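Close look at the chain arrangement
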Amino acid sequence: MKLEIYESEHHLALALASAVAGAIRRQPDMVLGLPTGRTPIALYGELVRLTCREGLDWSRVRTFNLDEFVGLSAETPGSYRSFMHQHLFAHVNLAGRHIGFLDGLAADVEAECDRYERAIAAAGGIDLVILGIGANGHIGFNEPAPALASRTHRVALEDESRAGNALWFGGDAARVPREALSMGMATILNAREVVLIATGEGKADAVAAMIRGGITTELPASFLQLHPHVTVMLDEAAAGDLR
Ligand code: PGA
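Along each chain, residue indices are assigned from 1 in the same order as the chain's sequence is written. Owing to the predicted nature of the model, reporting of local features is limited to residues with pLDDT of at least 70; listing and counting of side-chain atom pairs is limited to 80 or more, with chain, interface and lining totals taken over all residues. Note that the side-chain values use all heavy atoms of the structure and ignore hydrogens as well as water.

This brings us to the overall build of the protein chain. Numbered from the N terminus, helices here are DSSP runs of H or I no shorter than four residues, and strands are runs of E no shorter than two. Scanning the protein chain for helices and strands turns up seven helices and ten strands. On C-alpha atoms alone, the protein chain measures out to a radius of gyration of 17 Å, which is about the 18 Å that the 2.2 N^0.38 rule sets for 243 residues. Exposure categories follow from relative accessible area, calculated using a 1.4 Å probe and restricted to protein chains: below 20% of the type maximum is buried, above 50% is exposed, and the middle band is partly exposed. Residues counted as buried form 56% of the 243 residues belonging to the protein chain. In the protein chain, 78% of the contacts between residues at least 6 apart in sequence involve partners at least 24 apart. Working note: accessible area of the protein chain is about 10,400 Å², and carbon and sulfur atoms make up 51% of it. Counting rule for charge: Lys and Arg are taken as positive, Asp and Glu as negative, and neither His nor the chain ends is counted. Charge placement uses NZ in Lys and CZ in Arg. For Asp and Glu, CG and CD serve respectively. Charged side chains in the protein chain number 21 positive and 30 negative. The centres of these two groups are separated by 6 Å. Atoms counted for the radius of gyration: C-alpha only. Globule rule: 2.2 Å times the number of residues to the power 0.38. Contact definition: two residues touch when any of their heavy atoms are within 4.5 Å. Each accessible area is a Shrake-Rupley result for a 1.4 Å probe, and residues are judged covered by the shown protein chains and nothing else.

Okay, here's the thing in structure tokens:
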């Protein structure tokens, strides 16, 4: 794993936004895997600024988000689809048909997960997936468990993950849905390149275990050790346990 430590969240966001923009310029039809959460907000802000300033063209870019809550429509506040609309999709010239998203209202969950896997494969696979990490070591919504799912699947959320998402539900963890749909471990690990971003001291333990610990299903992010092309971008607080 390549490790990059930045003096602040802002510097990290600037560096990654500039790297993503460079990648889009080199490969205008690239396929991006995208995260939601507090951590990527600064990244999306910088990408939008850079897009306005430099006229970055997203018209051929395709995106697939990592996960979505079960039971929420795309328009419902708190859904990851609405988060992405607010922070990125509404501000760049991504074509609607190029936005891949799991449908939290799908009646047939298994068919929806299959559809997503097929859509990613039809796009030629993911070129670059950007990940956050949960304080419990999850990536996407692959939660610590005795066994991990390889492909897109339905998942029951841990209390810690629901608490981590309370922000999108008026600060009330009880309102966070109990289930989500998520890309699986192989869906993520099959991306040609992975960038994991983490900021704040709340992530320091999980980050250190991901880099220094053994590979274990109890810390799903540890499986990134098996991927040949991973960059971990941290602010100093998230890197605190590595010193
Ligand atoms: P956060 O979530 O950015 O809101 O901390 C990251 C994650 O759970 O993947």
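On we go from here.
Below, the discussion takes up the nonpolar core. Among the nonpolar cores identified, the biggest contains 42 residues, and Leu32, Trp58 and Leu88 are the most heavily contacted of them. Listed by contribution, the elements that provide at least two residues to this core are helix 1 (9-26), strand 2 (31-34), helix 2 (41-54), helix 3 (80-87), strand 6 (128-131) and strand 9 (193-198). It is helix 1 that contributes the most residues to this core, seven residues altogether. If we skip the residues at most four places from it in the chain, Leu32 touches Val20, Ile24, Trp58, Val61, Arg62, Thr63, Phe64, Ile126 and Leu128. We define a nonpolar core as any set of buried Ala, Val, Leu, Ile, Met, Phe, Trp, Tyr and Cys residues linked to one another through side-chain atoms lying within 4.5 Å.

Turning to the site of the ligand, a few remarks are in order. A single heavy atom is enough: if one lies within 4 Å of a molecule or strand, its residue is considered near that molecule or strand. As a matter of local geometry, the ligand sits amid Gly37, Arg38, Thr39, Gly132, Ile133, Gly134, His138 and Lys203. We define a polar contact as two N or O atoms separated by no more than 3.5 Å, with the added condition that, inside protein, one atom must be a possible hydrogen donor and the other a possible acceptor, whereas residues neighbouring each other in sequence contribute only through side-chain atom pairs. At a separation of 2.4 Å, an oxygen atom of the ligand approaches a polar side-chain atom of Thr39. Separating an oxygen atom of the ligand from a side-chain N or O atom of Lys203 is a distance of 2.5 Å. Contact with the protein chains covers 84% of the free accessible surface of the ligand, which is 280 Å². In a pocket analysis with a 2 Å cut-off to the grid points, the ligand is assigned to the largest pocket. Think of it as three bins: nonpolar holds Ala, Val, Leu, Ile, Met, Phe, Trp, Tyr, Cys and Pro, charged holds Asp, Glu, Lys and Arg, and polar takes everything else, Gly as well. Of the residues in the shell around the ligand, the class split is one nonpolar, five polar and two charged. Cavities and pockets were defined on a 1 Å grid built from protein atoms only: a cavity is a group of points that admits a 1.4 Å probe but offers it no way out, a pocket is an open group of points flanked by protein on both sides within 12 Å along at least five of seven lines, and a lining residue is one with an atom within 4 Å of any such point. Assignment of a molecule to a cavity or pocket requires that more than half of its atoms lie within 2 Å of the corresponding grid points.

Interhelical geometry of helix 2 versus helix 3 gives an angle of 40° and a closest axis separation of 9 Å. As summarised for this structure, helix 2 and helix 3 are arranged oblique, according to the angle between their axes. Packed against helix 2, whose contacting residues are Ile41, Tyr44 and Val48, the element helix 3 presents Phe83, Met84 and His87 at the interface. Taken together, the residues that form the contact of helix 2 with helix 3 break down as five nonpolar, one polar and no charged. Note on geometry: axes are lines fitted to C-alpha atoms, helical ones only across the stretch in contact, with angles between N-to-C directions running from 0 to 180 degrees. These descriptions rest on fixed angle ranges, namely under 35 degrees for roughly parallel, over 145 for roughly antiparallel, 65 to 115 for roughly perpendicular, and the rest for oblique.

This paragraph deals with the packing of helix 1 against helix 2. In contact at an axis separation of 8 Å, helix 1 and helix 2 are set at 50° when each is read in the N-to-C sense. Looking at the two axes, helix 1 sits oblique to helix 2. In this structure, the crossing between helix 1 and helix 2 has a hand that is right-handed. On helix 2, the residues touching Glu9, His10, Ala13, Leu14, Leu16, Ala17, Ser18, Val20, Ala21 and Arg25 of helix 1 are Ala42, Leu43, Glu46, Leu47, Leu50 and Glu54. When grouped by side-chain class, the residues that make up the contact of helix 1 with helix 2 number ten nonpolar, two polar and four charged. If you view the pair so one helix is near and one far, a crossing is left-handed when the near helix is turned anticlockwise from the far one by less than a right angle, and right-handed when it is turned clockwise.

Any carboxyl oxygen of Asp or Glu that lies within 4 Å of a side-chain nitrogen of Lys or Arg is treated as forming a salt bridge with it. Per the counting criterion, the structure on display carries eight salt bridges. Close ionic contact of Arg53 with Glu54 constitutes a salt bridge, the shortest N to O distance being 3.6 Å. Put simply, Glu179 and Arg154 hold a salt bridge, and the shortest N to O gap is 2.9 Å. In this pair, Glu179 sits in strand 8 (residues 179-182) while Arg154 sits in strand 7 (residues 153-156), placing the two residues 25 residues apart along the sequence. What makes Glu179 partly exposed here is its relative accessible area of 28%.

Attention now moves to the side chain of Ser82. Its location among the elements puts Ser82 in helix 3. Owing to a relative accessible area of 17%, Ser82 belongs among the buried residues under this scheme. Beyond its immediate chain neighbours, meaning those up to four positions away, Ser82 contacts Ala74, Glu75, Thr76 and Pro77.

This brings us to the pairing of strand 6. Burial along strand 6 is two-sided: Leu128 and Ile130 facing one way and Val129 and Leu131 facing the other are all buried. Looking at chain direction, strand 2 and strand 6 are connected through two bridges and run parallel. Residue pairing in the sheet places Leu32 in a bridge with Leu128 of strand 6. Strands pair, by our definition, only if DSSP identifies at least two bridges between them. Direction of pairing for strand 6 relative to strand 9: parallel, over a ladder of four bridges. When the sheet's bridge partners are listed, Leu131 is paired in strand 9 with Leu196.

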